[in-house]
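Structural features, examined
Listed below, chain by chain, are the residues.
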Amino acid sequence: MSDLTELLHRAADAVPVAPAASVVDDDLARGRRALARSRQIRWTAAPIGLGAAAVAGLIFAVPHLTTATPGSVAVGDAPAPSTTTTTTISSTAPRNLDAAISLVAYTGAQPAGYTVDRVPDGWVVQGVDPYSLVIAPVGAKDTDPSSFVGKITIGKANQGEIEVERPGPQHKLRVGDVTARLFTFPRPEGPQAGARAEQQRVHASPRPDDPEGTRGLLLPVGKGAYLIFQLPGTLHWDDATVAAFAAGVHMTPRARSAAG
Amino acid sequence: MRTNRDEEFRAFVLARRADLVRSATLLTAGDRHLAEDVVQATLTALYVNWPKYRGADNPPAYARRCLVNALIDEKRRPWRQRERSIDVLRDSVRPMGPLGGGHPFQAPGLDHDGEQVEAMYEALRALPPRMRAVLVFRYFHDLSVADTAEALSCSQGNVKSQAARAIDRLRARLSGELTVPHQLNGASHV
């Protein structure tokens with residue numbers, strides 16, 4: 001006769017215990033890196049929690065994208081493969097780069113995960129998966145839908161993105177019948193202990209070419225759920241335009257938050 | 001620069017990492033590399049969501065849920081082929097000796113703890129991950145049905161049925177009598 005609990009303890013006790021200081025340091029460094037990625041969302045590479053299947057989907061959809069992130073943590077249900085679309089919107093005439101970009105009705109196919117009513121004039125839906133909707137200027141050199149620099153990126157916010165304290169200027173913004181929070185993303189921080197490689201990757205990335213910085217918007221979309229927007233300063237949008245654009249973005253049940 | 005989060009997390013890791021590794025080792029049925037990966041993923045998730053962990057009604061349950069989620073996430077990774085290797089192992093399980101010939105869970109002719117541990121791992125490998133988690137939480141951590149259900153985000157009825165099935169499978173697998181604590185707050189019928 002043998003006791004199940006005793007057998008389980010015997011099996012579990014067969015492993016070494018007591019973490020060394022270096023192990024604790026490594027755990028802390030990993031946590032810091034993950035938190036930094038969460039806070040610097042979408043400035044650099046794919047969302048932290050981009051599902052493995054989504055990464056695979058991106059590789060299929062974008063042949064030149066070969067740097068999937070093996071360190072990412074897959075979460076949630078298996079996502080649908082990412083897709084890219086080349087729906088071109090409206091005008092291609094030269095414009096004043098300092099002028100605000102107006103909104104036009106979106107007439108292309110609605111991307112799964114998120115739907116949009118309006119897009120900036122001359123911008124296209126570049127890519128979408130359950131984790132993010134990416135809208136970029138027509139003819140953008142960066143055609144990689146997993147790169148978010150200088151693009152509009154929208155996704156279902158994870159808990160870290162909702163709860164994190166944002167030090168920069170921010171204010172409430174009425175969007176339809178809800179109150180959103182408009183803020184400015186901080187520039188990537190300096191190197192931190194144990195996060196050197198990650199920071200080098202961050203600093204090697206191009207920055208949005210705008211004087212006002214990239215703004216973010218946390219938009220309530222239901223009980224405890226938020227959409228998070230990345231809005232490059234090159235749009236030169238005032239609050240009213242941000243609100244008008246955000247009011248036209250809707251999340252579908254297929255949307256997933258990237259784990260922080 | 002150290003922050004409160006860093007200090008609290010460091011203390012948590014020092015105090016709880018070993019337990020997490022032990023749990024993960026059972027949850028992964030003795031796959032220590034995978035267990036270490038799972039623990040690292042769990043700790044990373046906890047650090048990022050530290051305010052949520054601290055504010056949770058039941059922080060240990062929150063941590064256990066993170067552990068299970070990390071295990072399931074790890075197994076979803078396409079570059080992991082462990083499920084396939086489990087199937088192979090399943091066919092090569094060495095049947096344990098019958099009652100009366102030494103220890104009931106002892107393979108014939110073998111007489112040390114290592115064999116018993118390996119037999120237990122092999123029996124655990126034959127269980128689906130969530131069923132394995134029910135078993136570990138109920139009979140390793142001595143959690144109640146309610147706490148196990150909370151850790152696994154499922155109903156108490158589901159915990160009871162999964163525990164009963166897990167015990168049945170272990171008994172069949174180990175070919176011996178298996179006593180199961182039945183006083184653990186509404187334990188299953190076993």
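Let us look at the structure shown here. (Residues numbered from 1 in each chain as written. Chains lettered and ligands numbered in written order. Predicted model: local features only at pLDDT ≥ 70, side-chain atom pairs only at ≥ 80, totals over all residues. Heavy atoms only, no water.)

1. Quick notes on unusual backbone geometry
It is generally the case that most residues other than glycine have a negative phi and that most peptide bonds are trans. Phi angles above zero are rare outside glycine, and B:Asp142 is one such case at about 60 degrees. Looking at the secondary structure, you find B:Asp142 in the loop between helix 7 (129-139) and helix 8 (145-152). (Helix = DSSP H or I, 4+ residues; strand = E, 2+ residues; numbered from the N terminus.)

2. Observations regarding the packing of aromatic side chains
Residues and elements named next belong to chain B. Across all of its chains, the model carries 8 aromatic pairs over all chains by this definition. Arranged with centres 5.1 Å apart and planes meeting at 80 degrees, the rings of Phe9 and Tyr47 form a pair that is edge-to-face. Of this pair, Phe9 sits in helix 1 (residues 4-27) while Tyr47 sits in helix 2 (residues 32-48); the two residues are 38 residues apart in sequence, bridging distant segments of the chain. Each of the two residues, Phe9 as well as Tyr47, counts as buried. (Phe/Tyr/Trp six-rings, centres within 6.5 Å; stacked < 30°, edge-to-face > 60°. Buried < 20%, exposed > 50% of the residue type's maximum accessible area, 1.4 Å probe, protein only.)

3. Focus on the pairing of strand 10 (residues 215-222) of chain A
Residue and element names in this part refer to chain A. Here strand 9 (residues 178-184) runs beside strand 10; their pairing, made up of 4 bridges, is antiparallel. Bridged to Leu182 within strand 10 is Leu217. Taken together, the 7 bridges between strand 10 and strand 11 (residues 225-231) define a ladder with antiparallel strand orientation. Considered in strand 11, the bridge of Arg215 is made with Leu231. Hairpin remark: strand 10 followed by strand 11, antiparallel, with 2 residues in the connecting loop; positive phi at Gly224, about 75 degrees. (Pairing = 2+ DSSP bridges.)

4. What to know about the nonpolar core
Of all hydrophobic cores here, the largest spans 63 residues; its most connected members are B:Phe12, B:Leu26, B:Met120, B:Leu124 and B:Leu135. In terms of residues, this core owes the most to one element, helix 2 of chain B, which gives 9 residues. Beyond its immediate sequence surroundings of up to four residues, B:Leu124 is in contact with A:Leu8, B:Leu26, B:Ala29, B:Arg132, B:Leu135 and B:Leu170. One finds A:Trp123, A:Ile154, A:Leu227 and A:Phe229 within the second-largest nonpolar core, a separate group that totals 30 residues. (Core = buried A, V, L, I, M, F, W, Y, C linked by side-chain atoms within 4.5 Å. Contact = heavy atoms within 4.5 Å.)

The analysis is restricted to geometry; functional conclusions fall outside its scope.
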